[in-house]
Amino acid sequence: AVLFSLRNRSSSHLVASRPKRKQPTMLAARTLATRSVAVRAAARVPQRRSAQTVPHLGTEKEMEKEALAQIKARIARQKQIESQTHKSEAEELDEMWKWVKLSLFVATPVCVLTLLKDMLFVEHDHRKPGPEPDYMRIRNKEFPWECSDCELFNSACWKKCRAEMAAEGN
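Cut-offs and rules
Residues numbered from 1 in each chain as written. Predicted model: local features only at pLDDT ≥ 70, side-chain atom pairs only at ≥ 80, totals over all residues. Heavy atoms only, no water. Helix = DSSP H or I, 4+ residues; strand = E, 2+ residues; numbered from the N terminus. Buried < 20%, exposed > 50% of the residue type's maximum accessible area, 1.4 Å probe, protein only. Contact = heavy atoms within 4.5 Å. Areas by Shrake-Rupley, 256 points an atom, 1.4 Å probe, with all protein chains shown as cover. Patch = residues over 30% accessible without salt bridge, like charges linked within 9 Å, V, L, I, M, F, W, Y side chains within 5 Å. Salt bridge = Lys/Arg side-chain N within 4 Å of Asp/Glu carboxyl O. Lys, Arg positive; Asp, Glu negative; His and termini not counted. Charge placed at Lys NZ, Arg CZ, Asp CG, Glu CD. pLDDT = per-residue confidence, 0-100. Phe/Tyr/Trp six-rings, centres within 6.5 Å; stacked < 30°, edge-to-face > 60°. Disulfide = S-S within 2.5 Å. Polar contact = N/O pair within 3.5 Å; in protein donor to acceptor, adjacent residues only side chain to side chain.

Trainee: How should I be thinking about the overall build of the protein chain in this particular structure?
Mentor: The helix and strand inventory of the protein chain stands at six helices and zero strands. The burial tally for the protein chain puts 6% of its 170 residues in the buried class. For the protein chain, the share of sequence-separated contacts (at least 6 apart) that also reach a separation of at least 24 residues comes to 22%. Of the roughly 16400 Å² of accessible surface on the protein chain, a fraction of 61% belongs to carbon and sulfur atoms.

Trainee: Looking at this structure, I do not really get a negative patch on the surface. What am I missing?
Mentor: Negative charge collects at one region of the surface, where Glu89, Glu91, Glu92 and Asp94 lie side by side. Position of Asp94 relative to the elements: it lies in helix α5 (residues 89-120). Overall, the relative accessible area of 55% leaves Asp94 in the exposed class.

Trainee: Help me understand the confidence of the model for the protein chain, please; the structure alone is not making it clear to me.
Mentor: Regions with low pLDDT carry predicted coordinates that are not meant to be interpreted in detail. Scored by pLDDT, the protein chain comes out at a mean of 77, with 68% of its residues at no less than 70. Ranking the elements of the protein chain by mean pLDDT puts helix α1 (residues 2-8) last, at 44, and α5 first, at 93. Contacts from residues 1-17, a stretch scored under 50 in pLDDT, to residues over four places away or in other chains number eight contacts.

Trainee: Teacher, can you tell me more about the packing of aromatic side chains here?
Mentor: Within a pair of aromatic rings, the relevant descriptors are the distance that separates the centres and the angle that separates the planes. For the coordinates displayed, the defined rule picks out two aromatic pairs. Judged by centre distance (5.0 Å) and plane angle (10°), the rings of Phe143 and Trp145 are stacked. In this structure Phe143 comes out as partly exposed when scored by relative accessible area, which is 25%. Ring-pair connections join several aromatic residues into one group, and the members of that group are Phe143, Trp145 and Trp158.

Trainee: I would appreciate a short explanation of the pattern of salt bridges in the present structure.
Mentor: Note on pairing: side chains with opposite charge can pair once their charged atoms come close. One pass over the full model with this rule turns up three salt bridges. Lys98 is the partner of Glu95 in a salt bridge, and the nearest nitrogen-oxygen pair spans 3.4 Å. Of this pair, Glu95 and Lys98 are both found in helix α5, three residues apart, which corresponds to roughly one turn of the helix. The exposure class of Glu95 is partly exposed, given its relative accessible area of 32%. Lys98 sits in the partly exposed class, given a relative accessible area of 39%. In this structure, Glu146 engages Arg162 in a salt bridge whose closest nitrogen and oxygen atoms are separated by 3.3 Å. Here Glu146, found in the loop between α5 and α6 (155-169), pairs with Arg162, found in helix α6; they are 16 residues apart in sequence, far enough to count as distant. Residue class for Glu146 comes out partly exposed when judged on its relative accessible area of 48%. Residue Arg162 is classed as partly exposed on the basis of its relative accessible area of 45%.

Trainee: For this particular structure, what's the right way to read the state of the cysteines?
Mentor: Throughout this description, disulfide means a covalent bond between two cysteine sulfur atoms. Summed over all chains, the structure comprises two disulfides. The partner cysteine of Cys150 in its disulfide is Cys157, sulfur to sulfur 2.1 Å. Handedness here is read from the sign of the S-S torsion; for Cys150 and Cys157, about -75°, the answer is left-handed. Each member of the pair Cys150 and Cys157 is classed as buried. Going through the protein chain in sequence order and numbering each bonded cysteine, the pairs you get are 1-4, 2-3.

Trainee: How should I be thinking about a nonpolar patch on the surface in this particular structure?
Mentor: Together, Val112, Leu113, Leu115, Leu116, Met119, Leu120, Phe121 and Val122 give the surface a local cluster of nonpolar side chains, amounting to about 860 Å² of exposed area. Residue placement: Met119 occurs in helix α5.

Trainee: Would you explain the environment of Ser103 in this entry?
Mentor: Inspection of the secondary structure puts Ser103 in helix α5. A polar atom in the side chain of Ser103 sits 2.9 Å from the backbone oxygen of Trp99.

Printed below as a string of structure tokens:
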């Protein structure tokens, strides 16, 4: 009933209550032109939803009948989409086992062989022995641990630092 009463109102009183516009300035004219181009471009894009949600004007029974027809059409469309994409439980199980077999018989051997290749045949580049050049050890501030000049995983530097600290402590 509320929808019916809202739809029966005429929009003529809305137009009459609008304030008179001033002469458009250059900026307003550009803005209006830009908006109108955007509105026209948006109008050309087809609407994604085809189901109309508000029934046309008419008697209450006609509107109710039309709303029910729209709901039935929407449900029929949803069932059609589901029937096109739905698979039976047996088909889903077959698909699942296909991917389990692919994982076991293809992906696992590839991972194991890659790991073996890396462990046995590829030499990993480590830091060269000896002191590093000065440009490799630029420090803007000290590290926040007891041996502030040692990097966190440089065990040789840590041993040397701790030996120096023990020698100073004696």
